[in-house]
Amino acid sequence: MEKIEFTPVDDAKPVSFFVLEETRINGISYLLVTESDENGAEAYILKDTSRDGDPQAQYEFVEEDDELEMVGEIFAELLEDVDIEF
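Residues numbered from 1 in each chain as written. Predicted model: local features only at pLDDT ≥ 70, side-chain atom pairs only at ≥ 80, totals over all residues. Heavy atoms only, no water.

Draft legend 1. Quick look at the packing of aromatic side chains. Inspection of every chain in the model, using the stated rule, returns five aromatic pairs. Geometrically, the ring pair formed by Phe6 and Phe17 is edge-to-face, given 5.6 Å between the ring centres and 65 degrees between the ring planes. On the criterion of sequence distance, the pair formed by Phe6 in strand 1 (residues 2-6) and Phe17 in strand 2 (residues 15-25) is long-range, its members being eleven residues apart. Residue Phe17 is classed as buried on the basis of its relative accessible area, which comes to 6%. (Phe/Tyr/Trp six-rings, centres within 6.5 Å; stacked < 30°, edge-to-face > 60°. Helix = DSSP H or I, 4+ residues; strand = E, 2+ residues; numbered from the N terminus. Buried < 20%, exposed > 50% of the residue type's maximum accessible area, 1.4 Å probe, protein only.)

Draft legend 2. Structural context of the sheet that holds strand 3 (residues 28-34). Taken together, five strands build an open sheet; the order of strands is 1-2-3-4-5 and the sheet is antiparallel. The sheet is open, and its two edges are formed by strand 1 and strand 5 (59-61), each paired on a single side. Put simply, the sheet's adjacent strands are angled 45 degrees from each other on average, direction ignored. Helix-sheet contacts for helix 1 (residues 65-78) involve strand 2, strand 3 and strand 4 (43-48), and the interaxial angle to strand 2 is about 90 degrees. (Pairing = 2+ DSSP bridges. Axes fitted to C-alpha atoms, helices over the stretch in contact; angles between N-to-C directions. Contact = heavy atoms within 4.5 Å.)

Draft legend 3. Representation of the environment of Met1. Along the chain, Met1 falls in the segment before strand 1. When the C-alpha atoms of Met1 and Phe18 are compared, they prove to be 6.4 Å apart, with 17 residues separating the residues in sequence. When neighbours within four sequence positions are excluded, Met1 is seen to be in contact with Phe18, Val19, Leu20 and Asp37.

Draft legend 4. The arrangement of the nonpolar core in detail. Counting eight residues, the largest nonpolar core is built from Ile25, Tyr30, Leu32, Ile45, Val62, Val71, Phe75 and Leu79. For this core, the secondary-structure elements that each account for two or more residues are strand 3 and helix 1. Beyond its immediate sequence surroundings of up to four residues, Val62 is in contact with Tyr30, Ile45, Leu46, Lys47, Glu67 and Leu68. If you look at the next biggest cluster of nonpolar residues, it comprises six residues, including Phe17, Val19, Leu31 and Val33. (Core = buried A, V, L, I, M, F, W, Y, C linked by side-chain atoms within 4.5 Å.)

Draft legend 5. Representation of the side chain of Ser29. Among the structural elements, Ser29 can be located in strand 3. Here the side chain of Ser29 touches Arg24 through a polar contact of 2.7 Å, side chain to side chain. (Polar contact = N/O pair within 3.5 Å; in protein donor to acceptor, adjacent residues only side chain to side chain.)

Draft legend 6. Structural view of the pattern of salt bridges. For the structure shown, the criterion picks out one salt bridge. Residue Glu67 is joined to Lys47 by a salt bridge in which the shortest nitrogen-to-oxygen separation is 3.1 Å. Residue Glu67 is located in helix 1, and its partner Lys47 is located in strand 4; the two are separated by 20 residues in the primary sequence. The class for Glu67 is buried, based on a relative accessible area of 15%. (Salt bridge = Lys/Arg side-chain N within 4 Å of Asp/Glu carboxyl O.)

Okay, structure coming up:
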């Protein structure tokens, strides 16, 4: 499992996440991440909001219910052996 580090916009302390899965939907990249590599850890869906040509990717937590459910269902299909609740 790949571990990546994110630096918040406000230059707060960097946060590390383990990437469980990634997908691209309608030209937008999404990551399913968790703070721990242990079973039962809480997972989050991040959305790449950067523009083409940006030097670094910018990710935001998906908070809109319809989008969260739609992307969550796709991740559930990709990870058949993982139970995802949203």
